[in-house]
Every structure is written in structure tokens, then in C-alpha cells.
Amino acid sequence: MSKDLHHYRKSYEKGALTEENAAQDPMDQFTTWFNEAETSGIVDEPNAMTVSTYGADGFPGSRIVLLKEYNAQGFVFYTNYNSEKGQAIEYNPHVCISFFWPELERQIIIKGIATKVSEERSLNYFNKRPRESRLGALVSDQSNYIESRELLEHRLKDLEAKYEGQEIPKPKNWGGFNVEPLSYEFWQGRKSRLHDRIRYNIEKDQWVMKRLQP
């Protein structure tokens, strides 16, 4: 079976990104775009991002996670360290994270180095999560096979009973990664496929902005 998608077309005409209106610091530019996505009323989850890794199996892997914090030091998300992405980062900490907000015709691609955040920081965030999410972190041996959905649900019921009225402990293999950026690319869709692409790289300890051809 095959399907021809050649007729899919969209003209991008919602904005522009020029060297004049782009911030000199890429974190400032990220903050501006993130705030605009957050307050737009049309982007459902502005903090949803793709994390791409390269594992020991020789294949790249990409999946959607939720950004939980960002600052001058980097971008933080949380996961099971024994998961496929956790093991891939252990194997090769060079990762790529990206945000795509189609409603705004914008994309941000960030390459950087991922390192584990402190246990204290992971615990602090874990204890802020909804109770159901904390139980879910205990239930799931993430990325491993399981015989059925029912078995997973039975495990959840057992843990709900076990920890009723008690604090739920953070799994030792659960915590955060901080991605320290080495480069940023900001993409704004434009008409006739002449998209704006502004990349920031570190040169001599300073961020340098350059335009890429679309």
C-alpha cells in the first residue's frame, strides 16, 4: 500500500525572524519565543519537546518529554535513568532537544551536553508531582517489556494500597537531566519556503549569531 502526499501544501506567513529583531543572547530569544507560545492561547503544551539521543545500538532515538525548568545553565527534564533514553544519555551525553510550535510556525533546535541533576533537586521536583504521577514512576520499569496492560494496572493498585496515607518514595533510578546548550537554531516559517533560520554558536566564549540558508 502506498499513499501520495505530494499535494500537502502550506504557506508559512505568520512571522519573521531577522538579525535586527533577534536577541543577542540565545537564552533571551528562547525566553521570548517560549513566553509567546505560553501566552498565545493556541499552543497546547509549549513545554513539550523532542529529545534525540544516540544509543549503544548505533541508532538515533527521539521521543517527546516535558521541559520542567530552564535557566542560564540549561534545560531540565525528568525520566527513569534506566529507560532507553536514560541509558542512551549514559552512553553518549551529546543530545539534541527541539520544540515545534506549528500554530506559530516556529521551531527551536538546541544541541548540548546532558548531565544528571543533583539528587536533592530530583527529590524536590518528585515531591511536587501529583500523587498519581509519583505512583506511576514506581510502577513502571520504563522501556522494558511487560506481558499485559492488566499487569501494569494491578501493580498500580497494589502500590496505591501499600502507600495509602503515606509518603511515596522517589525511585533511586528516577531523576533529572540538565542539557547545557552548545548551539541554538531558531526557525521561523516564511512564504515560498524561504524560511528564517538563525543559529547561535559559541565562539571565543561568546554567542555568535549567523543566518542559515533555508
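Located above this text is the structure these notes cover.
Attention here is on the structure that accompanies the text. (Residues numbered from 1 in each chain as written. Predicted model: local features only at pLDDT ≥ 70, side-chain atom pairs only at ≥ 80, totals over all residues. Heavy atoms only, no water.)

1. What to know about the overall build of the chain
Right, on to step 1. Check the secondary structure of the chain and you find five helices and nine strands.
Right, on to step 2. On the principal axes, the C-alpha backbone points of the chain span a range of 60 × 50 × 40 Å.
Right, on to step 3. Within the chain, the fraction of its 214 residues that count as buried is 39%.
Right, on to step 4. When the accessible surface of the chain is summed, it comes to about 13,400 Å², and 48% of that surface belongs to carbon and sulfur atoms.
Right, on to step 5. Taken together, the 29 basic and 32 acidic charged side chains of the chain have centroids lying 3 Å from each other. (Helix = DSSP H or I, 4+ residues; strand = E, 2+ residues; numbered from the N terminus. Buried < 20%, exposed > 50% of the residue type's maximum accessible area, 1.4 Å probe, protein only. Areas by Shrake-Rupley, 256 points an atom, 1.4 Å probe, with all protein chains shown as cover. Lys, Arg positive; Asp, Glu negative; His and termini not counted. Charge placed at Lys NZ, Arg CZ, Asp CG, Glu CD.)

2. Structural notes on helix H2 (residues 84-91)
Right, on to step 1. Inspection of H2 places Lys85, Gly86, Ala88 and Ile89 among the buried residues, and these make up the whole buried set. Seen end-on, H2 carries its buried residues on one side only, within an arc spanning 165 degrees. With respect to the buried face of H2, the exposed residues turned more than 90 degrees away are Glu84 and Glu90.
Right, on to step 2. At its buried positions, H2 is contacted by strand S1 (48-54), strand S2 (60-66), strand S4 (74-80), strand S5 (94-101), strand S6 (106-116) and strand S7 (174-188). (Arc of directions from axis to C-beta. Contact = heavy atoms within 4.5 Å.)

3. Details of unusual backbone geometry
Right, on to step 1. The phi dihedral of serine 143 is positive, around 80 degrees, even though this residue is not glycine.
Right, on to step 2. Locating serine 143 in the fold gives a position in the loop between helix H4 (131-139) and helix H5 (149-162).

4. Some points on the pairing of strand S8 (residues 196-203)
Right, on to step 1. Of the strand pairs in this sheet, S7 and S8 are connected by six bridges, and their pairing is antiparallel. Along S8, the bridge assignment pairs tyrosine 184 with tyrosine 200.
Right, on to step 2. Strand direction decides the pairing type here: S8 and strand S9 (residues 206-212), joined by seven bridges, are antiparallel. Looking at the pairing, isoleucine 202 lines up with tryptophan 207 of S9.
Right, on to step 3. In sequence, S8 turns back onto S9 through a hairpin of two residues, with lysine 204 there showing a positive phi of about 55 degrees. (Pairing = 2+ DSSP bridges.)

5. Digging into the environment of serine 2
Right, on to step 1. Mapped onto the fold, serine 2 is located in the segment before helix H1 (26-39).
Right, on to step 2. Each C-alpha atom, one on serine 2 and one on arginine 134, is 43 Å from the other, the two residues being 132 residues apart in sequence.

6. Remarks on the pattern of salt bridges
Right, on to step 1. Going through the model one piece at a time under the given rule, you end up with twelve salt bridges.
Right, on to step 2. Glutamate 105 serves as the salt-bridge partner of lysine 10, at 3.8 Å between the closest nitrogen and oxygen. Here the residue lysine 10 occupies a position in the segment before H1, and glutamate 105 occupies one in the loop between S5 and S6, the gap between them amounting to 95 residues.
Right, on to step 3. Classification of glutamate 105 by relative accessible area gives buried; the value is 2%.
Right, on to step 4. Close ionic contact of glutamate 167 with arginine 134 constitutes a salt bridge, the shortest N to O distance being 3.9 Å. With glutamate 167 in the loop between H5 and S7 and arginine 134 in helix H4, this pair connects stretches of sequence that are 33 residues apart.
Right, on to step 5. Here the residues in one salt-bridge network are Glu19, Arg190, Asp196 and Arg211, joined through shared partners. (Salt bridge = Lys/Arg side-chain N within 4 Å of Asp/Glu carboxyl O.)

7. Considering the side chain of serine 98
Right, on to step 1. Looking at the element boundaries, serine 98 is found in strand S5.
Right, on to step 2. If we skip the residues at most four places from it in the chain, serine 98 touches Met49, Thr50, Ile108 and Ile109.

8. Examining the packing of aromatic side chains
Right, on to step 1. All told, the structure shown has 20 aromatic pairs when counted by the stated rule.
Right, on to step 2. Aromatic pair phenylalanine 34 and tyrosine 70: ring centres 5.5 Å apart, planes at 65 degrees, arrangement edge-to-face. Of this pair, phenylalanine 34 sits in helix H1 while tyrosine 70 sits in strand S3 (residues 69-71); the two residues are 36 residues apart in sequence, bridging distant segments of the chain.
Right, on to step 3. Ring centres of tyrosine 81 and phenylalanine 177 lie 5.1 Å apart, and the angle between their planes is 75 degrees; on these two criteria the pair is classed as edge-to-face. Residue tyrosine 81 is located in the loop between S4 and H2, and its partner phenylalanine 177 is located in strand S7; the two are separated by 96 residues in the primary sequence.
Right, on to step 4. What links up through ring pairs into an aromatic cluster is the set Phe30, Trp33, Phe34, Tyr70, Phe75, Phe99, Trp101, Tyr184, Phe186, Tyr200 and Trp207.
Right, on to step 5. In this arrangement the basic side chain of lysine 116 is found over the ring face of tyrosine 81, its NZ or CZ atom lying 4.3 Å from the centre. (Phe/Tyr/Trp six-rings, centres within 6.5 Å; stacked < 30°, edge-to-face > 60°. Lys NZ or Arg CZ within 6 Å of the ring centre and 35° of its normal.)

9. Points about the environment of arginine 197
Right, on to step 1. On the secondary structure map, arginine 197 appears in strand S8.
Right, on to step 2. Distance in space between the C-alpha atoms of arginine 197 and leucine 104 is 15 Å, their sequence separation being 93 residues.
Right, on to step 3. When near neighbours in sequence (up to four residues on either side) are disregarded, arginine 197 contacts Glu185, Phe186, Trp187, Lys210, Arg211, Leu212, Gln213 and Pro214.
Right, on to step 4. There is a polar contact of 3.0 Å between the side chain of arginine 197 and the backbone oxygen of glutamine 213. (Polar contact = N/O pair within 3.5 Å; in protein donor to acceptor, adjacent residues only side chain to side chain.)

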